[in-house]
Amino acid sequence: MKIRQIIRRISFILLLCLCAGSGTILAQKGSKSSLPQRDKAIRDAYRMLNGYKMTQDYKTAARIFRYLSADGDAEASNAIGMMYKYGLGMKQNDERAFNLFSKAAEQGYAKAWYNLGLMYKFGHFVEQDFEKAVECFEKAKETGYDNVDYQLGYMHYKGMGVKQSYREAVRYFEQGAQKGSKMCMYFLGLCYFKGRSVERNTEQGKYWFAKAADLGYNRVIDLMARNHSETFGMTKATLRSVAEEPINALIPARYTSIANTVNDIGIEGVWEGKIITYDWSGEEIEDETKLQVSLQSVDGNIEGVWTESDTASVAVSAIMNKDEWQFDNIVLYANRRPVEMRTGRFKREFKDGEEYLSGNVRFYCDVTREYLAPSYVVLKRVNTPSAAENIRTASLSAYPNPFNDRINVEFELQEAQDIRFVMYDVTGKQIYTGKLETFESGKHLYEIPTEGIPAGNYTLKLAGKSVSQSVKLVK
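Cut-offs applied
Residues numbered from 1 in each chain as written. Predicted model: local features only at pLDDT ≥ 70, side-chain atom pairs only at ≥ 80, totals over all residues. Heavy atoms only, no water. Helix = DSSP H or I, 4+ residues; strand = E, 2+ residues; numbered from the N terminus. Expected span 1.5 Å × (residues − 1). Buried < 20%, exposed > 50% of the residue type's maximum accessible area, 1.4 Å probe, protein only. pLDDT = per-residue confidence, 0-100. Contact = heavy atoms within 4.5 Å. Core = buried A, V, L, I, M, F, W, Y, C linked by side-chain atoms within 4.5 Å. Arc of directions from axis to C-beta. Polar contact = N/O pair within 3.5 Å; in protein donor to acceptor, adjacent residues only side chain to side chain. Axes fitted to C-alpha atoms, helices over the stretch in contact; angles between N-to-C directions. Parallel < 35°, antiparallel > 145°, perpendicular 65-115°, else oblique. Left-handed = near helix turned anticlockwise from the far one by under 90°. Nonpolar A, V, L, I, M, F, W, Y, C, P; charged D, E, K, R; others polar. Pairing = 2+ DSSP bridges.

Draft legend 1. How the structure looks around helix α6 (residues 110-122). A rise of 1.5 Å per residue sets the reference length of α6, with its 13 residues, at 18 Å; its end C-alpha atoms lie 19 Å apart and thus fit the reference within 8%. Most of α6 is tucked away, with eleven of its 13 residues classed as buried. Among the residues of α6, those classed as buried are Ala110, Ala112, Trp113, Tyr114, Asn115, Leu116, Gly117, Leu118, Met119, Tyr120 and Lys121. Gly123 lies just past α6 and shows a positive phi near 70°.

If you want it as C-alpha cells, here you go:
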C-alpha cells in the first residue's frame, strides 16, 4: 500500500474516533465497508448532514460517505448520491447522483433502487421512462425498502409504465396509509370519494383526508378548505344532455383511442364543440369544456387558434404526418398551469349533413413531468366565413428586423378580443410567451422586450379568438 494511502486511512480512522453520538442505523441489505466503526461513522455522517446533535458540516459528512463508498459501502454510495442529487454542500449533479445510485443498487441497497426509480419517473439525467421507473420501485420493495407504496400506487392509479388499475392502486395506497404515508392517505380518500375499485363512501374518504391533513399534507388541507359544504364529495351530475346537442351523440361513453386519418388540408375553417376529459381508466367523463378551433394550412401544415370557454385563446401549430399531428405550443387551462399539447389523432366524418372533426389530444405538464388524463375532442364545422376570413387577413408587422433588445409590433384587429404574442425558434420551441391582453378593434403598437433572447431566426405569432398571424424575424 502506498504511503499516501496509508496516511489517508489513518486520518480517516482518526476522524471516526472523533465523531461522537449514539443511535441506530436503518437496517437494509447491501454491501458494507469493512473499515472499523463503520456503523458509527455512517450515523455521525448523517447527523452532520442534518445538523442533528452536531454542527451541520456537509464537507465532513461527504468525506466520510466518499471514503466508505470507495471501500464498497452501498449505503454510503447512496448517501453521497443524495448529496449530489439535492446539491447539499456541493454543486447539484444528476449524472453523478445517478451513477452512485446505480452503484449502490447493484450492491443490493434497496433505497438506491427507489432513488433510481424517481430519476426514471421524472427524467432526471436519463430519458424519462415510466416502465423502467416501475421496475426500479418494485425492485426497491423486493429488496427491503418499505416506503415505496405511494409511488407504485400512483403509477397504477394513472397507468404510468403499467396497465392502469384502480384495484392495484388501492392495494398499495392501503398498505402505505397503514404505515403512515400521508400521500397514500390522500389518494385512498380520493378513491373512496369517487368509488374507484372500492364502494363509494364519502365518510371513509373524509376520514383518510383528515388523517392526511393531521400529518400536514398541504394538498388535502387546501382541498378541504375549498370544499367545506355538505355537497363535498358528491358525484357530479351527468355533464351532457344528448337531447339538447346533437354533437353529444358523437362523444364516446368511455375514452376511445383512434387512428389518425386526417393529414390533408381539407379541414381549414372554424370548428366548434367540446374537449372532454376522462378519468384515468377512461371509463368515466370527469369534465367537459366548450372549445372553438380555427384552422388554416401553412406550407402543408396546420396553424390556427385554440379557444376554450370563450377565453384564453392561444396559437396552435402542428406538423401533420401519417400517424399523428405533432403540436409545438403551450395551452393554458383555467387554473393557469401551462401544459404542452404534444400530439393529436383525428378523424373526419359526416352525419346528417354536418361535418365533424374528432379525436385524441395528449397534454403534457412540464411541472409534474407527466401526461394529463386522457382527452377527447369533438368539433363541428361552423359556417362562419367572416371568422375564417379574419384568420387569413389580420395585419401584422414587426420592426426592427433584425432586432436587438426589443421588437415593435404593429397590428390591426377587425373586432375587440384577447390577444397573446408567442415567439418560436427554428425547432418550434417557445422562447417567449406574452401575457393575455385585451385590445379593442383598430390599429395597435405593442413592444416586446428581447434582451435575453440569443441570436437566431424566429417566428413571432399573434393569436386571438379569431386571429392568427405570424411574421419571420432575425436577431
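There is more to say after this.
Draft legend 2. Main features of the confidence of the model for the chain. Chain-level statistics for the chain give a pLDDT mean of 84 and a share of 84% at 70 or above. Summarising per-element confidence for the chain, the mean pLDDT is lowest in helix α1 (residues 3-18) (44) and highest in helix α8 (residues 149-158) (98). Overall, residues 235-239 carries pLDDT values under 50, and its contacts beyond four positions in sequence, including any with other chains, amount to six contacts. Segment residues 385-393: pLDDT under 50, and 18 contacts once partners within four positions in sequence are set aside and those in other chains are kept.

Draft legend 3. Quick look at the nonpolar core. With 74 residues, the main nonpolar core has Phe65, Ile80, Phe137, Tyr157, Phe173, Tyr186 and Phe187 as its most contacted residues. Setting aside its immediate chain neighbours within four residues, Phe173 contacts Tyr150, Gly153, Tyr154, Tyr157, Cys184, Phe187, Leu188 and Cys191. Among the nonpolar cores identified, the runner-up in size contains 25 residues, and Val293, Ala318, Trp325 and Phe327 belong to it.

Draft legend 4. Region of the structure containing helix α7 (residues 130-142). For α7, spanning 13 residues, the distance from its first C-alpha to its last is 18 Å, which sits close to the expected 18 Å at 1.5 Å a residue. For α7, the complete set of buried residues consists of Phe130, Ala133, Val134, Cys136, Phe137 and Ala140. Buried residues of α7, seen end-on, are gathered within an arc of 165° and therefore sit on one face of the element. Facing away from the buried side of α7, by more than 90 degrees, are the exposed residues Glu131 and Glu142. Two to three positions downstream of the cap, the backbone nitrogen of Glu131 sits 3.1 Å from a side-chain oxygen, assigning the N-cap of α7 to Asp129. One or two steps after α7, the chain reaches Gly144, where phi turns positive at roughly 120°.

Draft legend 5. The arrangement of the environment of Tyr58 in detail. In this fold, Tyr58 is placed in helix α3 (residues 58-70). Take Tyr58: its relative accessible area is 28%, and that puts it in the partly exposed class. In this structure, the C-alpha to C-alpha distance between Tyr58 and Ala45, residues 13 residues apart in sequence, is 8.6 Å. Contact partners of Tyr58, with chain neighbours within four places excluded, come to Leu49, Met83, Leu88 and Gly89.

Draft legend 6. Inspection of the packing of helix α9 (residues 166-178) against helix α10 (residues 182-194) at higher detail. Across the interface, α9 lies against α10 with an axial gap of 8 Å and an inter-helix angle of 135°. Regarding the angle of α9 to α10, the classification is oblique. In this structure, α9 crosses over α10, and the sense of that crossing is left-handed. In this structure, α9 uses Val170, Tyr172, Phe173, Glu174, Gly176 and Ala177 to contact α10, whose residues at the interface are Cys184, Met185, Phe187, Leu188, Cys191 and Tyr192. Here the contact of α9 with α10 is built from residues that sort into ten nonpolar, one polar and one charged.

Draft legend 7. Summary view of the sheet that holds strand β10 (residues 395-399). The three strands lie next to each other as β10-β11-β15, forming an open sheet whose pairing is antiparallel. The outermost strands of the open sheet, each flanked by one partner alone, are β10 and β15 (442-449). If you compare each strand with its neighbour and ignore which way they point, the axes differ by 20° on average. In terms of strand pairing, β10 meets strand β11 (residues 406-413) through five bridges, oriented antiparallel.

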